[in-house]
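# Architecture at a glance
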Amino acid sequence: MSSPHENHFESSHLTSGMHALFPLGFDSQVVVQEFSSPNLTCITPSDDAESASEFGLDRSTRFALTLRELLDKSAAYKEIEVVQLASQLRQELGRPTLVAPQTVDYWSSGRLLRISRTNSVVGSSRRIRTRTHLYLRAFFLAAGILVAAAAVPAFLYYRNHVYVQLFAGPLNSINGNAVIEVYEENLDVNQDRLIGTQDLYRNGATRLRLPAVDLILVVRASYADSQPREIRFPIFAASGLSLQKERYEFHLPSDDEVRAHPRMAYVPRVRWMQGSDRIEQ
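Okay, so let's go over this structure. Chains are numbered independently. Their residues run from 1 in the order of the written sequence. Under the rules for a predicted model, residues below a pLDDT of 70 receive no local features and side-chain atom pairs below 80 are neither given nor counted, while totals for whole chains, interfaces and linings still include all residues. Hydrogens and waters are ignored; side-chain quantities use all the structure's heavy atoms.

Each helix corresponds to a stretch of at least 4 residues labelled H or I by DSSP, and each strand to a stretch of at least 2 residues labelled E; elements are numbered beginning at the N terminus. Among the structural elements, Ser173 can be located in the loop between strand 8 (161–168) and strand 9 (174–186). Overall, Ser173 belongs to the buried group, its relative accessible area being 5%. As a C-alpha pair, Ser173 and Tyr223 span 50 residues in sequence and 5.9 Å in three-dimensional space. In contact with Ser173, other than residues within four places in its own chain, are Tyr223, Ala224, Asp255, Val258 and Arg259. Throughout this description, buried means an accessible area under 20% of the type-specific maximum (1.4 Å probe, protein chains only), exposed means over 50%, and partly exposed covers the range between. By the convention used here, residues are in contact when the closest approach between their heavy atoms is within 4.5 Å.

Dropping the structure here:
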């Protein structure tokens, strides 16, 4: 921006990196001072070791887009001081945003310059909007909606399910594979309903995600001595957010205990409900 006390302007032509304005190896401030124009103010969107941030979708730079935004905000004023505009540019481009911050330098010689707005319109009168910011805003808006939509079902799933681990040894007392049957208990009518099955892993943990209701885990297996046995694990669960109440761990009896108790049932020590009022014991 140079020369006249008042300068008409178009924002799209007011951007350039300092390295593009001045020859390599020259002191840019000295070059500005040696221009023949008595009144000159130079604003650069970067220092010697920095390049301007370009927005390919907009065919422009962040400097130019920010400059146009500041000029639009100053539409109520007939004149704008160039030094004041440079200070506003430095403040806006230096703020931490999604785009890396950028420095702004300016030098001035002679009287303070002012720029004024004309009523001339180049091309159509439509308002040009930057596509980069629109795309970024649309992306984060869509991402936020997707995260919120996924968070609600995930929260409800966690609240209404329990995490069960069943630990077993080598199971040498069992022929073939053992199966865990999961039954939902309806205490009001004294009925149960099979809701799922899962193979029981040897020498490890079998992990299950189950609904937070009254459940019975039944281990079905064929034993080496051909004698029947019952191994059951009751769960009195309810919906909630407590991590401790959402986790259950059970351990199967050892092979020696299984062999020593033919034709018997194994039920671990647990809390149980007594009477029609279901008082916890």
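Having seen the structure, we can now continue with the description.
So, about the nonpolar core. If you look at the biggest cluster of nonpolar residues, it comprises 25 residues, and the most contacted ones within it are Val164, Leu166, Leu200, Leu210, Leu217, Phe233 and Ile235. Breaking this core down by element, the ones donating at least two residues are strand 8, strand 9, strand 11 (204–211), strand 12 (214–223), strand 13 (230–236) and strand 14 (247–251). Non-local contacts of Phe233, meaning those with residues more than four positions away in its chain, are made with Leu166, Leu215, Ile216, Leu217, Val219, Phe250, His251, Leu252, Tyr266 and Pro268. To form a nonpolar core, buried Ala, Val, Leu, Ile, Met, Phe, Trp, Tyr and Cys residues must be joined to one another through side-chain atoms within 4.5 Å.

With that settled, consider the packing of aromatic side chains. The description of two aromatic rings rests on the distance between their centres and on the angle between their planes. Pairing of aromatic rings covers Phe, Tyr and the six-membered ring of Trp, with a centre-to-centre limit of 6.5 Å; geometry is then stacked below 30 degrees between planes, edge-to-face above 60, and tilted otherwise. Applying the stated criterion across every chain yields a total of three aromatic pairs. Measuring from ring centre to ring centre gives 5.0 Å for Phe233 and Phe250, while their planes differ by 40°; the resulting arrangement is tilted. You can see Phe233 sitting in strand 13 and its partner Phe250 sitting in strand 14, a full 17 residues away along the chain. Per residue, the accessibility class of Phe233 equals that of Phe250, and both read buried. Between the aromatic rings of Phe233 and Tyr266, the centroid separation amounts to 6.2 Å while the plane-to-plane angle is 70°, which identifies the pairing as edge-to-face.

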